[in-house]
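# A closer look at the structure
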Amino acid sequence: MLVLPSVLLIVVLSVAPLLAGLALAFTDARLVHTPHYSFVGVENFTKLAANSMFWASFRIGMVWAVSVTLLQLVAAMGLALLLNADLRLRGLARVLALIPWAMPPVVVSIMWRMIYSPNAGPLNALLGSIGLPNDINWLGSFTTALPAVIAVGVWVGMPQTTVTLLAGLQQVPPDTYEAAAIDGAGAWRRFTAVTVPSLRPIITSITSLNFIWNFNSFSLVYVLTEGGPGGQTMLPMLFTYIEAFQNRNIGYAAAMGVVLVVVVVALLGLYLWSQLRAEDKP
């Protein structure tokens with residue numbers, strides 16, 4: 001009885017929409033004023049299997065999710081180690097590190113569009129001041145659009161990973177580092193032999209969550225590029241949104257969502273299985 005309210009919320013807000021989406025994936029539902037649809041079996045999935053644009057967006061989404069997740073981990077680890085050191089104004093630095101996380105995604109996207117502006121952006125102005133090309137269209141070029149968006153994704157998601165890793169670092173006993181130093185271990189050896197093993201469960205958890213969040217990212221890329229130029233930043237969730245709310249093919253978009261959920265769960269299962277095997281090894 002005590003957990004019933006929570007269970008009801010989960011059922012109403014999570015399980016029911018998931019089941020509804022799964023059911024719609026087998027229909028020809030369209031987003032119209034008077035909905036009328038019928039059961040079409042696996043027709044949507046057959047059509048989706050031959051949709052090269054969707055699989056291209058899926059490939060871009062994997063590049064985006066993996067790149068942002070790994071770069072977030074590396075950058076957050078460095079920042080967490082720095083914030084864990086005994087530095088002056090450490091408390092202020094920890095507060096400032098959370099600013100990207102506290103900003104709404106739409107505000108972040110607008111700010112970075114101004115930074116990346118090819119005509120009046122401060123990034124091109126900085127490059128020009130040191131003698132480098134200063135007319136780069138960061139979000140409009142086929143070669144720079146995806147890396148530019150990835151950089152924004154790393155900046156936005158790094159604070160929460162930093163806070164999580166910093167909390168883990170504070171739980172590592174200082175005696176462990178002292179013992180390793182007495183045994184002759186240098187800074188890098190202490191990091192690989194003490195810090196990383198101590199943080200492995202946290203790294204596994206936060207990496208899995210970050211991958212899910214990044215793969216399902218929508219608002220950031222939508223405001224920055226809307227999937228352009230030429231589909232170079234067309235993430236799967238953005239492609240699904242366009243199919244559902246612009247083309248009004250709700251059933252077809254629901255089939256896309258089902259495929260994305262299955263693939264992401266399978267990839268995460270393999271990742272977690274490999275991590276658990278590595279932890280079980282002596």
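Anything mentioned here points back to the structure above.
A brief report on the enclosed structure follows. Everything numeric in this text was worked out from a predicted model, so none of it was measured.

### Focus: the packing of helix H9 (residues 174-182) against helix H10 (residues 187-215)
Two measures define how a pair of helices packs: the angle their axes make with one another and the distance between the axes. Interhelical geometry of H9 versus H10 gives an angle of 145° and a closest axis separation of 10 Å. Note on packing geometry: the crossing formed by H9 with H10 is right-handed. Touching Thr176, Tyr177, Ala180 and Ala181 of H9 are Arg190, Val194 and Thr195, all from H10. For the contact of H9 with H10, a count of residues per class yields four nonpolar, two polar and one charged.

### Some thoughts on unusual backbone geometry
Phi is mostly negative for residues that are not glycine, and the peptide bonds are mostly trans. Backbone torsion omega between Gly228 and Pro229 reads -5°, so that peptide bond is classified as cis. Within the secondary structure, Pro229 sits in the loop between helix H11 (219-224) and helix H12 (236-246). Positive phi, normally seen in glycine, also occurs at Glu226, with a value near 55°. Mapped onto the elements of the fold, Glu226 is located in the loop between H11 and H12. In the Ramachandran plot, Arg248 falls in the positive-phi region, its phi being about 65° despite a non-glycine side chain. Examined against the element boundaries, Arg248 turns out to sit in the loop between H12 and helix H13 (250-280).

### Remarks on the packing of helix H3 (residues 52-84) against H10
Relative orientation of the contacting elements H3 and H10 amounts to 145°, with a least axis distance of 10 Å. When the axes of H3 and H10 are compared, the crossing they make is right-handed. Each of Phe58, Gly61, Met62, Trp64, Ala65, Val66, Val68, Thr69, Gln72, Leu73, Met77 and Leu81 in H3 lies in contact with H10, whose residues at this interface are Phe191, Thr195, Leu199, Ile203, Thr207, Asn210, Phe211, Asn214 and Phe215. Considering only residue class, the contact of H3 with H10 consists of 14 nonpolar, seven polar and no charged.

### Considering the environment of Phe211
Relative to the helices and strands, Phe211 resides in helix H10. According to the relative accessible area criterion, Phe211 is buried, its value standing at 11%. C-alpha of Phe211 to C-alpha of Val258: the two residues are 47 residues apart in sequence and 17 Å apart in space. Each residue touching Phe211, except ones within four places of it in the same chain, is listed here: Met62, Ala65, Val66, Thr69, Val264, Leu267 and Leu268.

### Focus on the packing of aromatic side chains
Evaluation of the coordinates by the stated rule reveals 14 aromatic pairs. Ring plane angle 40° and centroid distance 5.4 Å describe the contact between Tyr241 and Phe245, whose orientation is recorded as tilted. With a gap of four residues between them, Tyr241 and Phe245 both fall in helix H12, about one helical turn apart. The partly exposed category is assigned to Tyr241, whose relative accessible area is 26%. Taken together through their ring pairs, the aromatic side chains of Phe54, Trp55, Phe58, Phe211, Phe215 and Phe239 make up a single cluster. Of note, Lys47 hangs over the ring of Tyr252, and the distance from its end group to the ring centre comes to 4.4 Å.

### Side note on the nonpolar core
Note that soluble globular proteins tend to have their nonpolar side chains buried in a common cluster. Judged by nonpolar contacts, the single largest core of 35 residues is most densely connected at Phe54, Trp64, Tyr116, Val152 and Leu224. Every element with two or more residues in this core is listed here: H3, helix H6 (105-115), helix H8 (145-169), H10, H11, H12 and H13. Contact partners of Tyr116, with chain neighbours within four places excluded, come to Leu123, Ile136, Trp138, Leu139, Ala148, Ala151 and Val152. Residues Ala80, Leu83, Ala97 and Leu169 belong to the second largest nonpolar core, which totals 12 residues.

Calculation rules
- Residues numbered from 1 in each chain as written.
- Predicted model: local features only at pLDDT ≥ 70, side-chain atom pairs only at ≥ 80, totals over all residues.
- Heavy atoms only, no water.
- Axes fitted to C-alpha atoms, helices over the stretch in contact; angles between N-to-C directions.
- Helix = DSSP H or I, 4+ residues; strand = E, 2+ residues; numbered from the N terminus.
- Left-handed = near helix turned anticlockwise from the far one by under 90°.
- Contact = heavy atoms within 4.5 Å.
- Nonpolar A, V, L, I, M, F, W, Y, C, P; charged D, E, K, R; others polar.
- Buried < 20%, exposed > 50% of the residue type's maximum accessible area, 1.4 Å probe, protein only.
- Phe/Tyr/Trp six-rings, centres within 6.5 Å; stacked < 30°, edge-to-face > 60°.
- Lys NZ or Arg CZ within 6 Å of the ring centre and 35° of its normal.
- Core = buried A, V, L, I, M, F, W, Y, C linked by side-chain atoms within 4.5 Å.

Interpretation note: all reported values are geometric properties and have no functional meaning in isolation.
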